[in-house]
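What follows is each chain in one-letter form.
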Amino acid sequence: MNLKSLFLPILLLLGANAAAQPAKTAHVDIKSSTVCDMCVQTIESNLIYEKGVKKVHVDLPTSTVHVEYDAKKNTPEALRAALVKLGYAADGTPGDPKAFAKLPACCQKEGCGKLPEQPAH
Ligand SMILES: [Cu+2]
């Protein structure tokens, strides 16, 4: 058995692994309090400017903000904080009251930034 013939493929394999390191895209789904189309517009047009964010999608029916971002440049915590700063709730944290006061009238009326109320049965 030739040791060299065993080592070479392993070394090549390790080398290839280290070289192929693409930008790490991470996803996070943040449960928010979006009710109307203005929320979607406000969130999508603002969060996209957060560090490393590549894609923002707000799903109204489930009130979920889906974010694709570079894991080296941002964190789910910071993205949640950014959402709260815009005046919208993020995973149980209500939107910043000051920011909420500046949201479009329809959002104020619908209570978009507030935490969703428990459905009455
Ligand atoms: Cu709204």
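What counts, and where the lines are drawn
Residues numbered from 1 in each chain as written. Predicted model: local features only at pLDDT ≥ 70, side-chain atom pairs only at ≥ 80, totals over all residues. Core = buried A, V, L, I, M, F, W, Y, C linked by C-beta atoms within 7 Å. Buried ≥ 20, exposed ≤ 12 C-beta atoms within 10 Å, placed from the backbone. Helix = DSSP H or I, 4+ residues; strand = E, 2+ residues; numbered from the N terminus. Contact = placed C-beta atoms within 7 Å. Pairing = 2+ DSSP bridges. Axes fitted to C-alpha atoms, helices over the stretch in contact; angles between N-to-C directions. Arc of directions from axis to C-beta.

A. Structural detail: the nonpolar core. Among the nonpolar cores identified, the biggest contains 22 residues, and Cys 39, Ile 43, Val 65, Val 67, Leu 83 and Tyr 88 are the most heavily contacted of them. Of all the secondary structure elements, the ones that give two or more residues to this core are helix 2 (37–47), strand 2 (53–59), strand 3 (64–70) and helix 3 (76–86). Considering every element that reaches this core, the biggest residue donor is helix 3, with five residues. The residues contacting Val 65, other than those within four sequence positions of it, are Ile 30, Ser 32, Ile 43, Val 56, Val 58 and Leu 83.

B. Quick look at the sheet that holds strand 1 (residues 25–31). Spatial ordering of the open sheet is given by 1-3-2, a layout of three strands whose pairing is antiparallel. Strands with a single pairing partner mark the edges of an open sheet, and in this sheet they are strand 1 and strand 2. Within the sheet, the average angular offset between the axes of one strand and its neighbour, ignoring direction, is 15°. Packed on one face of the sheet, helix 2 meets strand 2 and strand 3 and runs near 170° to strand 2.

C. Focus on helix 2. For helix 2, the full list of buried residues reads Cys 39, Thr 42, Ile 43 and Leu 47. Considered in projection along helix 2, the buried side chains sweep an arc of 100° and stay on one side of the axis. Within helix 2, the exposed residues directed more than 90 degrees away from the buried face are Gln 41 and Ser 45. The inward-facing, buried residues of helix 2 contact strand 2, strand 3, helix 3 and helix 5 (105–110).

Any functional reading would require information that these geometric values do not contain.
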